[in-house]
Every structure is written in structure tokens, then in C-alpha cells.
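Chains, contacts and geometry: an overview
If you want the building blocks of each chain, they are given just below.
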Amino acid sequence: MPATPFSSCSYLILQPRFNSYFNPLFRSFTYQLSTSLLSFNGIKFTAARIHSSLSPAAETESQSGGGGRSGALSPGPIVAGEVQRIDVNPPKGTRDFPPEEMRLRNWLFNNFKEVSRLYGFEEVDFPVLENEALFTRKAGEEIKDQLYCFEDRGNRRVALRPELTPSLARLVIQKGKSVPLPLKWFTVGQCWRYERMTRGRRREHYQWNMDIIGVPGVMAEAELISSIVSLFKRIGIKDSDVGFKVSSRKVLQEVLKCYSIPESLFGKVCVIIDKIEKIPVDEVKKELMAAGVSQEAVQELLQVLSVKSLTELEEKLGSSGEAIADLKQLFSLAEKFGYSEWIQFDASVVRGLAYYTGIVFEGFDREGKLRAICGGGRYDHLFSTFGADDIPACGFGFGDAVVVELLREKGLLPDLSLQMDYIVCALDEDLQGSAAMVAHVLRKKGQSVDLVLESKPLKWVFKRAARNNAQRLVLVGSSEWQRGVVGVKILATGEQYEVKLDELI
């Protein structure tokens, strides 16, 4: 909701008040900043000990400014006793959430949580700060180069989580047999990646994850896609706006087996192929051959990846493989769940994380203006990479930034202006305690109340009531209070009446 601009008169009145509050505060501080030693929440560390695993290009951007603000680890010289204005913008790639943005975020998160509840999932959460080893697998994943990681005071390598699935796996392993399978867990958490920013892609975002642990069959993937479709329908997005591309990692496995490509290369090949829409095809070919895939196998892979129908895939691979069987079952279940018009086969979808093993899927904007909205799949072998026994599992991640861009693009952002039941104002300064009593009575009854905390003219009160969309105004006057009543005005109609305090609703 846009803020009401101050008149020039109001500004002249407020300016000396702000100066009197804040200038003594600023004048009382002397800044002496050392660029070699920083302190954060009691943890001291040198600039050499904290870093983000950046690509050379990103490092160059950090050193040169890259069109943004200079890095926090190399501030300009500050003269002792001199007050410098701080940069009031958040770090590049991050966001503030003022009230109107926070209302939108809460609305979206509440929809995430309500869909999860409807599907019988339980909420979990994990630390934003994790051990770095949790995210550094050996499959050439891009995510390793995007970590915000550093060494803490105890010489431990830690990282801000770039995704949520490894943390979930860690918690499942920690709980062991104390939690009966299958598990249906969800979380909404913040993730951090130092990556190139585009529309809907930032260096921090919130992500909704739903995971099913302990179910080996395709029914689990069908349930997960159904939950995302339910979310889209709740927020006004139709199958004409969004679709799902579906494939299986087993398709690639069958092609690679034909050319005797070792199993150890599978994850790396998937990561390279995931770049197929991000870099030129010739670059993809070069990376595949550099990884040890023959030229003939590369050509066959690219041909298979261009397939857009199950019938054509079956002609190339035959009908006896697991990939075809799994995909046929998924499309059959989609009919039963009622979302067959939302999904389509696309062999080029492999997802960029090496731990996927079976069916993978990706939500996309049909107009092609935005990056992937969500994505997920089966990861049956993730747990063994952490030294535990494997458990069949699948899940998805759904970021907050891209879907908000989509809602804005489609004109579907909800009206979430502030709503208030009451605004309560004392007409005399010595009645402020009585006004507080009125507010207390209303709040006990579950009403939202904006209590005017200072002596203000009625014109100001009415403007505030309009800005906060208050339904009723309660005025506490001296003569009314002596008679045991207060004045109430219904702001939408202008109707006014008096009512006893215990009869206020």
C-alpha cells in the first residue's frame, strides 16, 4: 500500500523532532574500522578467512564493483570522528521485506503450508548455517561454486545452505529408526547462492520443499506434482499459464550403457546436459567430450534429448526399460489425479543436481519469459553419499521469487492492503489510559486495534484510519467516559453511536 506523502507543513514539524532524536546519537559515536579484523555476533575473523566460492568472473565483479556496490570487506578510509552515511540498500542480490512485501510473503507461505497440510505433510526446519561438507559432493555440480562458505572461530568449515534437501537427508539419518517410514515432510526456508542474477533469480530466496521418504514407487512423484498443481490453482494460475516438463534420469542411463560410459560419469554428464538451454550446444558437446563421452555417444545423447513424446522415445529405446515403464505409469496416474493437461514429456529435462536417479520434473512458464518455477524428482541414492543406507525418496523445491514474478506478469497479485478492525483515540491527553483500557478489551475479543499513542488532532486520526483501512473509530471523550460509554463511528458508512465498554465487539 503506498505511503501517504507528508505535506510540507508536516515535514517542517517532523524534521526538528527527528534531528533532536537522532543527531545526538550520531554525534556520540567515533568510528575506527579495521579492514583486517571484523566481528559478527561475537565471532572474530579476518577478511582472508571468510569467502564465497566464486567463479573467476564473480571474483572480478567483487573486486571491480561489477556495476554494484563495493564489497563489505574493503571499505574506503574512514577518518576517526567523522560520520559517514551508510548504504541503506541491502547487499546485492538480497531483499528487504517492508510491510506490504511481508504481507505478500506471508500470503504465499500460508498457501504453501495449507497445501502441505491438505496432503498430510508435517513441517520441519533446519539451520540456515550447515557444515560445508553437506553440500560438496563430487559430481561437478554448479552449486559447489555458488556456496557462501567460511571458516568459523572453531576452525570448522561451514556454509549458508544453498538448498534444503541435504539438510533433510541429514535429519532423517540423525533420527534413524525412531521415525517410521514413510515420511511426508515439508519446509519453507531461506537459501543462499552466489549466482548470476536474472529476473526471479537472486542470491537469497525462500523455498518450499515437500519430500516423501521411504516410498519406491512412482505414486510418490505423482502425489508431489499434484500438490504443486493444487498450489497453482489456489493462487489463480492455470494450465494455460504453466506446465510441467517430465522425464527420467534412467533415459540417459540407458543411452550411456549402450556406449559403455562408466557409471561414475553419470552424475557429471547430467550436470553438463542441464546447461543445454543456458549455453550453446557446441559448448555442451565440448564439455561432454572433455568429461570422457565419445563423439558418437554425444550425438546419440543429443538426439534422444530432443525427443518430445513417449511414443518416439519408445521407438528409440524399446519398451522394456525402466524409464519407459515409470513414465507411462506417471502419465497414467496424472489422469487419475486430474492434472494430465498440465504435464508433457521432454527428454531434455535432467535437473542440475547430481543426486537425482529417476523421474525428474520442472515447472515452466508457457510464455517462456521466466526461468524454471519449480523442480524436483527421485533421489534414491542420496543417503549413501552421507555414509548411511539408501532410502527411496523424492521431493521438489519451489522458490518464492519466480512465482511472484509470474503472478505479477499475469496480473494475479492479490490485494493485501493493511486491514484493521478498530482505531482507538483519546480526545484528551488524560484519557489515554482509558483508551488503552478500551483497546485491551477489544484485543481480548480477537479484534485488531490501532491505539493512537499520542495526543493527535482528529484530522490526523481520520487520515491514519483511512491509511490502515480501519473499519471503526472509537473516540474516548471525557463526558462519554463519565457515563460509561464510548463513541463509535463506522467509517465506511459514517454511522455513529455510543456503546458501553463491555458491549464493544
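Residues numbered from 1 in each chain as written. Predicted model: local features only at pLDDT ≥ 70, side-chain atom pairs only at ≥ 80, totals over all residues. Heavy atoms only, no water.

1. Regarding the overall build of the chain
- For the chain, the helix and strand inventory stands at 15 helices and 19 strands.
- The buried share of the chain, reckoned over its 505 residues, is 43%.
- The contacts in the chain between residues at least 6 apart in sequence include a share of 68% that link residues at least 24 apart. (Helix = DSSP H or I, 4+ residues; strand = E, 2+ residues; numbered from the N terminus. Buried < 20%, exposed > 50% of the residue type's maximum accessible area, 1.4 Å probe, protein only. Contact = heavy atoms within 4.5 Å.)

2. Concerning a nonpolar patch on the surface
- Judged by side-chain polarity, Leu427, Leu458 and Phe462 come together as a nonpolar surface patch covering roughly 230 Å² of accessible area.
- Locating Phe462 in the fold gives a position in helix α14 (residues 458-467). (Patch = residues over 30% accessible without salt bridge, like charges linked within 9 Å, V, L, I, M, F, W, Y side chains within 5 Å. Areas by Shrake-Rupley, 256 points an atom, 1.4 Å probe, with all protein chains shown as cover. Salt bridge = Lys/Arg side-chain N within 4 Å of Asp/Glu carboxyl O.)

3. Looking at the sheet that holds strand β15 (residues 420-426)
- As summarised here, the arrangement of the five strands in space is β16-β15-β17-β18-β19, forming an open sheet in which the pairing is mixed. Two strands lie at the open edges of the sheet, namely β16 (449-451) and β19 (496-500), each paired on one side alone. Ignoring which end each strand starts from, the neighbouring axes of this sheet average 25 degrees apart.
- Summarising the sheet, strand β18 (residues 485-490) and β19 pair through five bridges and their orientation is antiparallel. Its bridge partner lying in β19, Val485 is registered against Lys500. (Pairing = 2+ DSSP bridges. Axes fitted to C-alpha atoms, helices over the stretch in contact; angles between N-to-C directions.)

4. A short note on the environment of Gly363
- The topology assignment puts Gly363 in strand β12 (residues 359-365).
- Discounting chain neighbours no more than four positions away, the residues touching Gly363 are Gly243, Phe244, Ala372, Ile373 and Cys374.

5. Considering the environment of Ala354
- Structurally, the position occupied by Ala354 is in the loop between β11 (343-345) and β12.
- Judged by relative accessible area, which is 17%, Ala354 ranks as buried.
- For Ala354 and Val271, which are 83 residues apart along the polypeptide, the C-alpha to C-alpha distance reads 6.4 Å.

6. Describing the confidence of the model for the chain
- Put simply, the chain has an average pLDDT of 84, and 82% of its residues get 70 or more.
- In the predicted structure, residues 1-74 sits below a pLDDT of 50 and forms 85 contacts with residues beyond four places in sequence or in another chain. (pLDDT = per-residue confidence, 0-100.)

7. Description of the pattern of salt bridges
- Scanning the model with the defined rule gives 24 salt bridges in all.
- In this structure, Asp241 and Lys410 form a salt bridge, with 3.7 Å as the shortest nitrogen-oxygen distance. Here Lys410 lies in the loop between α12 (400-409) and β15 and Asp241 lies in the loop between α5 (219-234) and β10 (242-248), a separation of 169 residues in the sequence.
- Note that Glu367 and Lys369 form a salt bridge whose closest N and O atoms lie 3.3 Å from each other.
- With a relative accessible area of 47%, Lys369 lands in the partly exposed category.
- Via salt bridges that share partners, Asp241, Glu367, Lys369, Glu409 and Lys410 belong to a single interconnected network.

8. Observations regarding the pairing of strand β14 (residues 393-399)
- Most of β14 sits inside the fold, with seven of its seven residues counted as buried.
- With burial as the criterion, each face of β14 is covered, one bearing Ala393, Gly395, Gly397 and Gly399 and the other bearing Cys394, Phe396 and Phe398.
- Bridging between strand β9 (residues 204-213) and β14 involves seven bridges; their strand directions are antiparallel. For Asn209, the partnering residue across the bridge sits in β14 and is Gly397.
- The sheet contact formed by strand β13 (residues 374-378) and β14 spans five bridges and is antiparallel. Its bridge partner lying in β14, Gly375 is registered against Gly397.

9. As for the sheet that holds strand β4 (residues 122-123)
- In spatial order, the strands read β4-β8-β9-β14-β13-β12-β10-β11; together these eight strands make up an open sheet with mixed pairing. At either margin of the open sheet sits one strand with a lone partner, and together these are β4 and β11.
- Across the sheet, helix α3 (residues 99-118) lies against β4, β8 (183-192), β9 and β14, angled at about 5 degrees from β9, the strand it touches most.
- Contacts from α12 reach β9, β10, β12 and β14, with the element oriented near 55 degrees to β14.

10. Thoughts on the nonpolar core
- Ranked by internal contacts, the top residues of the largest apolar core, which has 76 residues, are Trp208, Phe232, Phe244, Leu313, Tyr339, Phe398 and Val403.
- Tallying contributions element by element places α5 first for this core, with eight residues.
- If sequence neighbours within four positions are ignored, Phe244 has contacts with Ile225, Ile228, Val229, Phe232, Trp342, Ile343, Gln344, Phe361, Glu362, Gly363, Phe364 and Cys374. (Core = buried A, V, L, I, M, F, W, Y, C linked by side-chain atoms within 4.5 Å.)

11. Some thoughts on unusual backbone geometry
- With an omega dihedral of 0 degrees, the bond running from Leu181 to Pro182 counts as a cis peptide bond.
- Even without a glycine there, the phi angle at Asn155 is positive, about 60 degrees.
- With respect to the helices and strands, Asn155 occurs in the loop between β6 (148-151) and β7 (157-160).
- If you check the backbone angles, Asn469 has positive phi at about 55 degrees while not being a glycine.
- You can see Asn469 is positioned in the loop between α14 and β17 (470-476).
- Take Asn469: its relative accessible area is 28%, and that puts it in the partly exposed class.

12. Points about the packing of aromatic side chains
- The tally for this structure, following the rule as stated, stands at 15 aromatic pairs.
- Seen from their ring centres, Tyr148 and Trp192 are 5.9 Å apart, and the 85 degrees between their planes marks the pair as edge-to-face. With a gap of 44 residues between them, Tyr148 in strand β6 and Trp192 in strand β8 connect regions that are remote in the sequence. Just as Tyr148 is buried, Trp192 falls in that class too. (Phe/Tyr/Trp six-rings, centres within 6.5 Å; stacked < 30°, edge-to-face > 60°.)

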